[in-house]
Number of protein chains: 2
Amino acid sequence: MIYSSELIKGTLKTIVMKLLEDNKRMYGYEITQRVKELTFDKIQITEGALYPTLHALEADGLVTTELEYNGKRARKYYSLSKEGKAKTKEKVSELADFMNTMKFLLDIQTLPA
Amino acid sequence: MIYSSELIKGTLKTIVMKLLEDNKRMYGYEITQRVKELTFDKIQITEGALYPTLHALEADGLVTTELEYNGKRARKYYSLSKEGKAKTKEKVSELADFMNTMKFLLDIQTLPA
DNA sequence: GCAAATACATAATATTCTTATGTATGTTTG
DNA sequence: CAAACATACATAAGAATATTATGTATTTGC
């Protein structure tokens, strides 16, 4: 089962930022694979969604980038800026709050923490 | 605090359907007020978002409508069709699953059920 | 050596929301 | 009693963000 794409909308940026918070630095393709792995294939981030998102984070000064070569193969590593770290905490906290509200609204049982 | 609008994206349809499941029939304006009330003003559905959503549900055969007059004031009541009821269960269940995945992915603590 | 995986990127399109606008009725309050 | 506010519907222009398709190039596995 893969979640219908509309559910991902609005959470992609937060997912990416949280991964960067946990892993210090990651490159794009790595992010898609990590999310796939961590969600048992239920969330599959497409490249057409990810790269524009990463570029937007960079344009907003929330991440910095370093281009590195592994042989001839280029990898663009992303790291949270100071501002990005603060923003990540905000975003994750807002999402947690939102999820509690949705639980209440939809009378949903989630797994215990 | 009002949630940044991007969070609502993708969940609006499910929220509306769940409310209709719980309340048998509701009209548009009532839905906006009920959501506002149930979420302590944190989620405010705009009319520009709600009405197109309701029309889409109707076009998909998931709801039926009845136009009623309260004096000269028209109200359009929405009810889930049989197909809509089944779809609502699917949607709510998928969202619950998604929220568990997000909890895990973001290492979020939600309130106990 | 060919297919699949890795790794980046962008463009056209679709979806779905915000913001703005429009119409009209009913209620409250100074 | 007029004005402001609330109720109630609706649509259109624009913004944001995803999908799908496409492109380029390198590396790995069989």
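Predicted model only: the values in this text are computed from it and were never measured.

Asker: Would you mind going over the overall build of chain A with me for this structure?
Answerer: Across its full length, chain A carries five helices and three strands. In sequence order, the secondary structure elements of chain A are arranged as α-α-β-α-α-β-β-α. The C-alpha extent of chain A, read off along each of the three principal axes, is 50 × 30 × 25 Å. Taken across its 113 residues, chain A has 43% of its residues classed as buried. The contacts of chain A with a sequence gap of at least 6 include a subset with a gap of at least 24, amounting to 48%.

Asker: Hey, could you run me through the protein's contact with DNA strand C in this one?
Answerer: Looking at DNA strand C, there are 23 residues lining it, with Tyr27(A), Tyr29(A), Arg73(A), Arg75(A) and Arg73(B) nearest. For DNA strand C, the fraction of protein-proximal atoms (within 4 Å) that sit in sugar or phosphate groups is 72%. Here a base nitrogen of DNA strand C and a side-chain polar atom of Glu47(A) are 3.1 Å apart. Between Lys76(A) and DNA strand C, the recorded distance is 3.0 Å, taken from a backbone N or O atom to a phosphate oxygen.

Asker: When you look at the layout of surface pockets in this model, what are you seeing that I'm missing?
Answerer: All names here are of chain B. Considering only enclosed or pocket space, the largest pocket measures out at about 320 Å³ in volume. Lining of the largest pocket is provided by 17 residues; of these, Ser-5, Ile-8, Lys-9, Leu-12 and Ala-49 occupy positions nearest its centre. Classifying every residue of the lining of the largest pocket gives seven nonpolar, six polar and four charged.

Asker: Whenever I open this one, the interface of chain A and chain B confuses me. Can you help?
Answerer: Interface size is commonly expressed as the accessible area that is lost once the parts come together. At the junction of the two partners, chain A supplies 39 residues and chain B supplies 39 residues. Together, the buried faces of chain A and chain B total about 3,800 Å²; carbon and sulfur atoms form 69% of this surface. The interface formed by chain A and chain B holds two salt bridges in total. Across the salt bridge formed by Asp97(B) and Lys42(A), the nearest N and O atoms sit 3.0 Å from each other. Where chain A meets chain B, there are six residue pairs in polar contact (both at pLDDT 80 or more). Looking at the side of chain A that touches chain B, the elements that each hand over two or more residues are α1 (5-8), α2 (12-23) and α5 (82-106) of chain A. Ranked by the residues each element gives to the side of chain A that touches chain B, the list is headed by α5(A), at 15 residues.

Asker: Can you help me understand the nonpolar core in this one?
Answerer: The tendency in soluble globular proteins is for nonpolar side chains to be buried side by side. Within the largest apolar cluster, 54 residues are counted, with the highest numbers of intra-cluster contacts made by Ile43(A), Met102(A), Ile43(B) and Met102(B). Setting aside its immediate chain neighbours within four residues, Met102(B) contacts Thr11(A), Ile15(A), Ile43(A), Leu95(A), Met99(A) and Asp107(B).

Asker: Is there a simple way to think about empty space enclosed by the protein in this case?
Answerer: Using a probe with the size of a water molecule, rolled over the atoms, empty space left in the structure can be pinpointed. Scanning the entire structure with this criterion turns up one cavity of 30 Å³ or more. Roughly 120 Å³ of internal volume is contained in the largest cavity. If you go around the largest cavity, you meet 14 residues; those closest to its centre are Thr11(A), Leu95(A), Phe98(A), Thr11(B) and Phe98(B). Of all the elements in the fold, those that place two or more residues in the lining of the largest cavity are α5 of chain A together with α5 (82-106) of chain B. Here the residues of the lining of the largest cavity are counted per class, giving 10 nonpolar, two polar and two charged.

Asker: I keep staring at unusual backbone geometry and nothing clicks. Help me out?
Answerer: Residue and element names in this part refer to chain A. Its identity as a non-glycine residue notwithstanding, Lys-24 has a phi of 65°, on the positive side. Within the secondary structure, Lys-24 is located in the loop between α2 and β1 (25-27). On the basis of relative accessible area, Lys-24 is assigned to the exposed category, the value being 62%.

Asker: Looking at this structure, how should I read the protein's contact with DNA strand D?
Answerer: By nearness alone, 24 residues border DNA strand D, and Thr46(A), Arg73(A), Tyr27(B), Tyr29(B) and Arg75(B) come closest of all. For DNA strand D, the fraction of protein-proximal atoms (within 4 Å) that sit in sugar or phosphate groups is 73%. Here His55(B) contributes a side-chain N or O atom positioned 3.2 Å from a phosphate oxygen of DNA strand D. Taking Arg73(B), its side chain carries an N or O atom lying 3.0 Å from a base oxygen of DNA strand D. Those elements giving two or more residues to the surface near DNA strand D turn out to be α4 (47-59) of chain A together with α3 (28-38), α4 (47-59) and β3 (73-80) of chain B.

Parameters and conventions
- Residues numbered from 1 in each chain as written.
- Chains lettered and ligands numbered in written order.
- Predicted model: local features only at pLDDT ≥ 70, side-chain atom pairs only at ≥ 80, totals over all residues.
- Heavy atoms only, no water.
- Helix = DSSP H or I, 4+ residues; strand = E, 2+ residues; numbered from the N terminus.
- Buried < 20%, exposed > 50% of the residue type's maximum accessible area, 1.4 Å probe, protein only.
- Contact = heavy atoms within 4.5 Å.
- Near = heavy atom within 4 Å.
- Polar contact = N/O pair within 3.5 Å; in protein donor to acceptor, adjacent residues only side chain to side chain.
- 1 Å grid on protein atoms, 1.4 Å probe; cavity = no way out; pocket = protein on both sides within 12 Å on 5 of 7 lines; lining within 4 Å.
- Points joined across faces, edges and corners; volume = space filled by probe spheres on them.
- Nonpolar A, V, L, I, M, F, W, Y, C, P; charged D, E, K, R; others polar.
- Buried area = accessible area lost by both parts, 1.4 Å probe.
- Salt bridge = Lys/Arg side-chain N within 4 Å of Asp/Glu carboxyl O.
- Core = buried A, V, L, I, M, F, W, Y, C linked by side-chain atoms within 4.5 Å.

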